[in-house]
Amino acid sequence: MIFDLVRRILKPKDNIGITDWAEKHIILGQKQPTAFHGRYKGSRTPYMREIHEHMVNPSINHITMCFGAQTGKTLNGTIIPVLYYACEDPAPMIIAFPNERLAQSRSESSIMVMVEDSAYVRETLLSPKKTDFKKLEYIFKTCVINLIGGNSPANMSSRPARIVFIEEADKFPDQTKKEAKAINLLRERTKSFWNKKTIENSTPTVPNAHMWQAFLDGTQHLLHVPCPSCGLEQAVEFEDLDCPLNGTEYISQEAKWKCRGCKTLVADKKFRAQVKKARWIATAEAKDPKHVSYRLPAWYAQWVTFEDVFLEFNRSKDISSELQNFVNSWCAKAYTQKPIESMDDNQILQIHKDFPYPKKTIPLDQDAKFIVYATVDVQKSHLPFSVWATTPDKLFLIDFGSLSVIDDVALLKSNAYKDRDGNVVPVRFALLDTGYRTVECYRFAIGKSWLIPIKGEQGRLTTMTQPLRVEKIVSMPDGSSFGKGKQLYLHHIHPRFFKDELTDSVNNRESCYCPIYFCDGIHVDDFEYVKQITGEVVMEEEPDKYGFVATFYKKVYTNDYFDVAQYAYAARHMMHQTLSNLKKQVDNKQGTDNVLKKQGEENG
Ligand SMILES: [Zn+2]
């Protein structure tokens, strides 16, 4: 023990830098999860040398490696530096993984075998009493290293450490909410050391998650490769790879890099040779001068070819979750999820342009068969509404705006809209969303046969198997009775059935259930109507453990007019029988006007 201590103090510090140190001392044995066994060679990952230099540079205390998969980042960014520090510059260290299971597996499959295979490291670190790598605390001759999982928050704030390594930061639990704090807690642990370091490596995930933000906060170094023809140094992004297309598939074996300067196409092999001459160039100024950040796409690795890249891209491009993985793990970029379906502003404007008509006017004549009704949403300070004229197979927006108080819904009912021949057409009924300010809504609805109270079901999951479910209500939410014989028939609206009909009515006009039309005025207030009716888009969920991908509607803007428009489709559903009768009349060219007699009569 004393001998060890003396030896450690007297031993001249090996100042050769981490890359050269690893070439001298690290052996990758047969059990290592790598394709390259034998002595470690820095030339396989030439881009690591500069980063290794920063790891021993006292003026740098935070290193972010935003790297693609397969770039050797765990070996070069974590394991070798850990062993270097333990042997040459010992300090209490923490290696943090997303969970303990991963910590355990990395410990046994990588760190343990590397220590055992590398004689110098083994002799420097292991005491005769064997270090137990199954325990997540290594008691080496030189220092103590703790491996911790992000899923055990108690670990995050225990003992101090001079150097903290963080693996796959974005995969820590609760990444979006508490995780930023967990990573900060980890960094806090180093603060009493003047020569502290945080070293993190991970593929990025989404823009707001830790890794992409950490990359943006730092120097944003990109690896610049010189063009073999013109010498222009450039960071090679996916967009710079050129690959011919055959139908919908890329011919991966013909992929090349196209120089941004001289447009020369550079073959894969030549590119790999150029990567050895590449250098890191900072593209931003770090918020903290002690923070350097690096980003490296997968194709910079000597063992990932352009063909591999396009084979993977062919496989991923049409599946949202796979595409996200491609962007994260191959391009080393944050992925912004795009809606798989949304109503496009231009489509709405085109529909209006193709069939324009004045606001507050029904674009149909008296011989047409149609019904006029209103749909109203209730918000905290206002009541957005729309008025519709529907025929058996078309839906026309004829008015929209905002009411100030619930009583105004009665005024809306008494509005007189005119058809194309100038005849006044009454508003037959109104749908009122009672989900918010429910007491006021119920109070207003009781006794009004023309008012249909509705409630939009919330959330992505529903137990509703039917688009509509009718519930008899006889009391206020607090349990107080409406009074003898008074009741309401509340129509529960499926969370997405009518949203799908609405979206379809814009996007698939030929095949949809009922195409929609828009009156003049949707341009005013800087296109506010258009922005709102496109205020929800369809997104894909992360696939579940069976690979099933669910979709859901996501609010991306004020969605008032979107909601009242989906209610217009719900209303059509309620009038299904009436609309069928109207259709028969149109077909038989019979003119009767008394078709909506029963609608809403059960209320009150
Ligand atoms: Zn060039």
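The preceding data block contains the structure.
About the criteria used
Residues numbered from 1 in each chain as written. Predicted model: local features only at pLDDT ≥ 70, side-chain atom pairs only at ≥ 80, totals over all residues. Helix = DSSP H or I, 4+ residues; strand = E, 2+ residues; numbered from the N terminus. Buried ≥ 20, exposed ≤ 12 C-beta atoms within 10 Å, placed from the backbone. Contact = placed C-beta atoms within 7 Å. Core = buried A, V, L, I, M, F, W, Y, C linked by C-beta atoms within 7 Å. Domains from an automatic or database assignment. Axes fitted to C-alpha atoms, helices over the stretch in contact; angles between N-to-C directions. Parallel < 35°, antiparallel > 145°, perpendicular 65-115°, else oblique. Left-handed = near helix turned anticlockwise from the far one by under 90°. Nonpolar A, V, L, I, M, F, W, Y, C, P; charged D, E, K, R; others polar. Pairing = 2+ DSSP bridges.

A word on the overall build of the protein chain
- Within the protein chain, the secondary structure is distributed over 19 helices and 29 strands.
- Across the 604 residues in the protein chain, those meeting the buried criterion constitute 38%.
- The contacts of the protein chain with a sequence gap of at least 6 include a subset with a gap of at least 24, amounting to 68%.

With respect to the nonpolar core
- Core analysis: the biggest nonpolar cluster contains 87 residues, and Leu 83 and Phe 165 have the highest contact counts within it.
- Shared between two domains, this core holds at least three residues of each, these being domain 1 (2-220) and domain 2 (224-283 + 297-331).
- In contact with Leu 83, not counting residues within four places along its chain, are Met 114, Val 115 and Val 121.
- Among the nonpolar cores identified, the runner-up in size contains 60 residues, and Met 343, Leu 395, Cys 441 and Ile 533 belong to it.

A closer look at the packing of helix H11 (residues 306-316) against helix H12 (residues 320-330)
- Following both chains from N to C, one finds H11 and H12 inclined at 155°, their axes separated by 8 Å at the closest point. It follows that H11 is roughly antiparallel to H12 by the angle criterion. The handedness of the crossing between H11 and H12 comes out as left-handed. Residues Val 309, Glu 312, Phe 313, Arg 315 and Ser 316 of H11 form the contact with H12, whose participating residues are Glu 322, Leu 323, Asn 325, Phe 326 and Trp 330.
- Considering only residue class, the contact of H11 with H12 consists of five nonpolar, two polar and three charged.

Re the sheet that holds strand E11 (residues 241-242)
- With antiparallel pairing, three strands are arranged side by side in an open sheet as E11-E14-E15. In the strand order of this sheet, the two ends are held by E11 and strand E15 (265-266), each with one partner.
- Note that strand E14 (residues 256-258) and E15 share two bridges and pair antiparallel. Across the sheet, residue Lys 258 finds its bridge partner in E15, namely Leu 265.

Considering the packing of helix H13 (residues 345-354) against helix H17 (residues 524-533)
- Relative orientation of the contacting elements H13 and H17 amounts to 115°, with a least axis distance of 9 Å. Put simply, H13 runs roughly perpendicular to H17. At the point where H13 passes H17, the crossing takes the right-handed sense. In this structure, H13 uses Asp 345, Ile 348 and Leu 349 to contact H17, whose residues at the interface are Phe 527, Val 530 and Ile 533.

Quick notes on the environment of Asn 423
- Examined against the element boundaries, Asn 423 turns out to sit in the loop between strand E21 (417-418) and strand E22 (424-425).
- Taking the number of C-beta atoms within 10 Å as the measure of exposure, Asn 423 has 12 and is therefore exposed.
- As a C-alpha pair, Asn 423 and Ile 362 span 61 residues in sequence and 9.8 Å in three-dimensional space.
- If near-sequence neighbours (up to four positions away) are discounted, Asn 423 is found in contact with Gln 366 and Lys 418.

As for the pairing of strand E18 (residues 371-376)
- With six of six residues buried, E18 lies mostly within the body of the structure.
- The alternating pattern of E18 places Ile 371, Tyr 373 and Thr 375 on one face and Val 372, Ala 374 and Val 376 on the opposite face, and all of these are buried.
- Judged from the six bridges that link them, E18 and strand E19 (residues 383-390) form a sheet pairing that is antiparallel. Looking at E19, one finds that Tyr 373 is bridged to Trp 388.
- In sequence, E18 turns back onto E19 through a hairpin of six residues.
- Note: E18 against strand E23 (residues 429-433), four bridges, orientation parallel. Residue pairing across strands places Thr 375 opposite Leu 431, the latter belonging to E23.

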